[in-house]
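# Analysis of the macromolecular model
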Amino acid sequence: MTTEVAPIAAAGTSAVSRTRRLRDNADRVWSVAAGHRTLAEEIEASDEPESFQRAKSQRLLGEVAAHQGFAYHELANAAETRAAAREHVRESPQWRLLIDRSFAAIRRAEAHHERAAAYTARTVGDEAAARRHEIAAREADSRAMSLVMEPTPA
């Protein structure tokens, strides 16, 4: 199964189209995740040998795709917030708040990417790598929370 990827935006493309492209990618990836989950249910319902392992693989692929979809969604949030920041005077309190929210969305995207990598590592039996990715995901979530919770010095 392949996933279509939108072409890279040309220079000068508006922030709205970049955000739309990222959201479209998230929707495509979530659709792929739903397809994997549906296939897993169909495989489980069959009486074929090895159906448990095949269904488990499809569920894993669905989880990985879902996390990648969430990462695209967070990157779209970051792009949208950056575009909104351009409407304010640089270094103003509103600009700082929006930039901090943008960085927080990027950190959340990083966390989702790390969680997807942890699932993949665990599947191939590399428990040490899975733990490293889970720790990196927690650290990215923590950095995202600190950006949102801490007031920016004026």
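Residues numbered from 1 in each chain as written. Predicted model: local features only at pLDDT ≥ 70, side-chain atom pairs only at ≥ 80, totals over all residues. Heavy atoms only, no water.

Quick look at the packing of aromatic side chains now. For any two aromatic rings, the description comes down to two numbers: the centre-to-centre distance and the angle of the planes. Under the defined criterion, the tally for this structure stands at 1 aromatic pair. On the numbers, 5.2 Å between centres and 70° between planes, the contact of Trp30 with Phe70 is edge-to-face. Here the residue Trp30 occupies a position in helix H1 (residues 15–45), and Phe70 occupies one in helix H2 (residues 51–85), the gap between them amounting to 40 residues. In this structure, Arg82 is placed above the aromatic ring of Phe103, and the distance from its NZ or CZ to the ring centre is 4.7 Å. (Phe/Tyr/Trp six-rings, centres within 6.5 Å; stacked < 30°, edge-to-face > 60°. Helix = DSSP H or I, 4+ residues; strand = E, 2+ residues; numbered from the N terminus. Lys NZ or Arg CZ within 6 Å of the ring centre and 35° of its normal.)

A few words on the packing of H2 against helix H3 (residues 93–123). Helix-helix packing: each pair is described by the crossing angle between the helix axes and the interaxial distance. Relative to each other, H2 and H3 sit at 165°, their axes nearing to 8 Å. Taken together, the axes of H2 and H3 are roughly antiparallel relative to one another. Remark: the crossing between H2 and H3 carries left-handed chirality. Classifying every residue of the contact of H2 with H3 gives 17 nonpolar, 9 polar and 6 charged. (Axes fitted to C-alpha atoms, helices over the stretch in contact; angles between N-to-C directions. Parallel < 35°, antiparallel > 145°, perpendicular 65-115°, else oblique. Left-handed = near helix turned anticlockwise from the far one by under 90°. Nonpolar A, V, L, I, M, F, W, Y, C, P; charged D, E, K, R; others polar.)

Turning next to the confidence of the model for the protein chain. On average, the protein chain scores 85 in pLDDT, and the residues at 70 or more come to 88%. Looking across the protein chain, the model is least confident in helix H4 (residues 127–149), with a mean pLDDT of 90, and most confident in H3, with 93. (pLDDT = per-residue confidence, 0-100.)

The next point concerns the side chain of Thr19. One can find Thr19 in helix H1. Residue class for Thr19 comes out buried when judged on its relative accessible area of 7%. Not counting residues within four places of it along the chain, the set of residues in contact with Thr19 comprises Ala76, Ala79 and Glu80. (Buried < 20%, exposed > 50% of the residue type's maximum accessible area, 1.4 Å probe, protein only. Contact = heavy atoms within 4.5 Å.)

Taken as a whole, this structure holds 12 salt bridges when the rule is applied. Where Arg115 meets Asp141, a salt bridge forms, and the shortest distance between an N and an O atom there is 2.0 Å. Here Arg115 is found in helix H3, whereas its partner Asp141 is found in helix H4, with 26 residues between them in sequence. Put simply, Arg122 and Glu134 hold a salt bridge, and the shortest N to O gap is 2.7 Å. Separated by 12 residues along the polypeptide, Arg122 in helix H3 and Glu134 in helix H4 bring together distant segments of the chain. In this structure Glu134 comes out as partly exposed when scored by relative accessible area, which is 26%. What you see here is one network of salt bridges that share partners, running through Arg107, Glu110 and Arg143. (Salt bridge = Lys/Arg side-chain N within 4 Å of Asp/Glu carboxyl O.)

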